[in-house]
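Spelled out from the first residue to the last, the chains are:
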Amino acid sequence: MSVMVARKKVVRKWEKLPGRNTFCCDGRIMMARQKGIFYLTLFLILGTCALFFAFECRYLAVQLSPAIPVFAAVLFLFAMATLLRTSFSDPGVIPRALPDEAAFIEMEIEATNGTVPQGQRPPPRIKNFQINNQIVKLKYCYTCKIFRPPRASHCSICDNCVERFDHHCPWVGNCVGKRNYRYFYLFILSLSLLTIYIFTFNIVYIALSERGREVVDCGPAVGCSLTVLTVLEVLICFFTLWSVVGLTGFHTFLVALNQTTNEDIKGSWTGKNRVQNPYSHGNIVKNCCEVLCGPLPPSVLDRRGILQQEESTAQEGSCPRAPGTQEPPATQGPGQPQEGAMKLQDGSIPPPSAVPVPSVSDTKMPEEKQRTPGELPVPPLDAGRAEH
């Protein structure tokens, strides 16, 4: 006989999340799908630092101080830690509305705006919200079916609404939002210091080695190759220096004003309306403490939450019986076929689909009558049909 066994397949919530993101390590790592420039960032940082530690640091530690490679290692580890923390974390993605919630919001919007005549453009879906005696407009997202919180915006690359959206940074392979902005700022700050550090000591190394001809007593051929590598490091640091240091200065200005890149580009607080920034405390120290030292909100995605799906599988098996026992005869009811009709010519039992089931019109309800002692009661029609 066949036995139906129900198996539960564990499915994590990150497997069903919409948007254009990739997940690794069972949902612990969350990144954008476009990660090519992120790999270039890793290659430039790791390659430049590897050359510096392999060649220049050895000479500088002997000639100047052993603290030079130690401080460079600290800067390198801190920059890599903040980079990976920025790239592999949830920037503050806001979950999309469920179908029932989206339908309820649509009903509210229709009730508020009324029926729009055909051919006319519907009014913008906006809610007014007051923050520090300042009116802030909450815009409706047609993709996520929600009214976005203040300072949130929809990223067209990741296809998600991000809380306190700053920008999408391809160099880190992720959006920069409320949950990873401080790590992004610390990354570019530490990378600026590391670039300046390597660039400066490369110049010192070339000056101390007498224009590259006496390099750690390795001979002229090795000395020439080391000089070429040093010049390569200087060029990489020189071109990286302007962009990274300039970006760090720009975000330092934004942190001091408690403003985002998205708000600065759109001119939200410096446009024609001259609306005052309601999120600024009017104090640089307070703004920096809120952005860089404030409590970090937890992720609302619950990426590793469990969704259970049941799968029924049929297994063939037989039920053991004790020796000498017989199967008790089944009680026949109205509409149930006779025992002889339940068996085929070879003595096997037909499948359930081969057993005829009487219709309601062909079956008549038995009338109530007196039963003699020992006579079995006649089951009702529903009970007979339930057995089939």
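None of these values were measured; they are calculated from a predicted model.

Cut-off values and rules
Each chain has its residues counted from 1, running along the sequence as written. Note on the predicted model: pLDDT of at least 70 is required for a residue's local features to be given, and 80 or more for side-chain atom pairs to be given and counted; whole-chain, interface and lining totals, by contrast, use all residues. Each side-chain value is derived from all of the structure's non-hydrogen atoms; neither hydrogens nor water enter the calculation. By the criteria applied, helices consist of DSSP H or I runs no shorter than four residues and strands consist of E runs no shorter than two, each listed in order from the N terminus. Partly exposed describes any residue whose relative accessible area lies between the buried limit of under 20% and the exposed limit of over 50%, with all areas from a 1.4 Å probe on protein chains only and scaled to the type maximum. Contacts are assigned to residue pairs with any non-hydrogen atoms lying within 4.5 Å of each other. Each accessible area is a Shrake-Rupley estimate made with a 1.4 Å probe; only the visible protein chains count as cover when residues are assessed. Residues enter patches when they are more than 30% accessible in relative terms and free of salt bridges; like-charged ones are connected within 9 Å and nonpolar ones (Val, Leu, Ile, Met, Phe, Trp, Tyr) within 5 Å. Throughout this description, the term salt bridge denotes a Lys or Arg side-chain nitrogen within 4 Å of a carboxyl oxygen of Asp or Glu. UniProt positions are given in the numbering used here, feature names are shortened, and annotations may be inferred rather than shown by experiment. Each Phe, Tyr or Trp ring, with Trp reduced to its six-membered ring, pairs with another whose centre is within 6.5 Å; inter-plane angles below 30 degrees give stacked pairs, above 60 give edge-to-face pairs, and intermediate values give tilted ones. Here the axes come from fitting lines to C-alpha atoms, over the contacting stretch only for helices, and the angles between their N-to-C directions go from 0 to 180 degrees. Should the near helix be turned anticlockwise from the far one by less than a right angle, the crossing is termed left-handed; should it be turned clockwise, right-handed. Here the rule is simple: two strands pair whenever DSSP picks up at least two bridges between them.

### So, the overall build of the protein
When you go through the protein residue by residue, the secondary structure sums to 8 helices and 12 strands. Scored against the burial criterion, the 388 residues of the protein give a buried share of 34%. Pairs at least 24 apart in sequence give 65% of the contacts found in the protein among residues at least 6 apart. For the protein, the computed accessible surface area is about 24900 Å², with 60% contributed by carbon and sulfur atoms.

### Considerations on a nonpolar patch on the surface
On the surface, Ile37, Leu40, Phe43, Leu44 and Trp171 cluster together to form a nonpolar patch covering roughly 480 Å² of accessible area. Topologically, leucine 40 is positioned in helix H1 (residues 36–63).

### Quick word on the UniProt feature "transmembrane region" (unreviewed entry) in the protein
Under the present numbering, the feature "transmembrane region" (unreviewed entry) in UniProt falls on residues 37–55, 67–84, 183–208 and 228–257. Strand forms 0% of residues 37–55 and helix 100%; the C-alpha atoms that close the span are 27 Å apart.

### Considerations on the environment of phenylalanine 201
As for its position among the elements, phenylalanine 201 is in helix H4 (residues 181–208). On the accessibility criterion, phenylalanine 201 (17% relative accessible area) is buried. On a C-alpha basis, the gap between phenylalanine 201 and valine 234 in space is 9.6 Å, while along the polypeptide they are 33 residues apart. Apart from residues no more than four positions distant in its own chain, phenylalanine 201 is found in contact with Phe52, Leu60, Leu64 and Ile68.

### Some thoughts on the packing of aromatic side chains
Within the structure shown, the criterion is met by 13 aromatic pairs. Ring centres 6.3 Å apart and planes at 75° place the aromatic pair phenylalanine 53 and phenylalanine 76 in the edge-to-face group. Here the residue phenylalanine 53 occupies a position in helix H1, and phenylalanine 76 occupies one in helix H2 (residues 67–87), the gap between them amounting to 23 residues. With a relative accessible area of 16%, phenylalanine 76 lands in the buried category. Ring centres of tyrosine 59 and tyrosine 205 lie 5.4 Å apart, and the angle between their planes is 90°; on these two criteria the pair is classed as edge-to-face.

### A few points about unusual backbone geometry
Located in the positive-phi region is aspartate 26, a residue other than glycine, with phi close to 60°. As for its placement among the helices and strands, aspartate 26 is situated in the loop between strand S2 (21–24) and strand S3 (29–32). Residue aspartate 26 is classed as partly exposed on the basis of its relative accessible area, which comes to 29%. Here the phi dihedral of arginine 151 falls at roughly 70°; this positive angle occurs in a residue that is not glycine.

### With respect to the packing of H1 against H4
Two numbers describe how H1 lies on H4: the axes approach to 11 Å, and their chain directions differ by 40°. Once H1 is placed against H4, the crossing between them reads as left-handed. Residues Thr41, Ile45, Thr48, Cys49, Phe52, Glu56, Tyr59 and Leu60 of H1 form the contact with H4, whose participating residues are Phe187, Leu191, Leu194, Ile198, Phe201, Asn202, Val204, Tyr205 and Leu208.

### Here we look at the sheet that holds strand S4 (residues 93–94)
Within the open sheet, the 3 strands sit side by side as S4-S9-S8. Their pairing is antiparallel. Only two strands of the sheet have a single neighbouring strand rather than two, namely S4 and strand S8 (153–155). Pairing geometry for S8 and strand S9 (residues 160–162), over 3 bridges, is antiparallel. Each residue of the ladder has a partner; that of histidine 154, found in S9, is cysteine 161.

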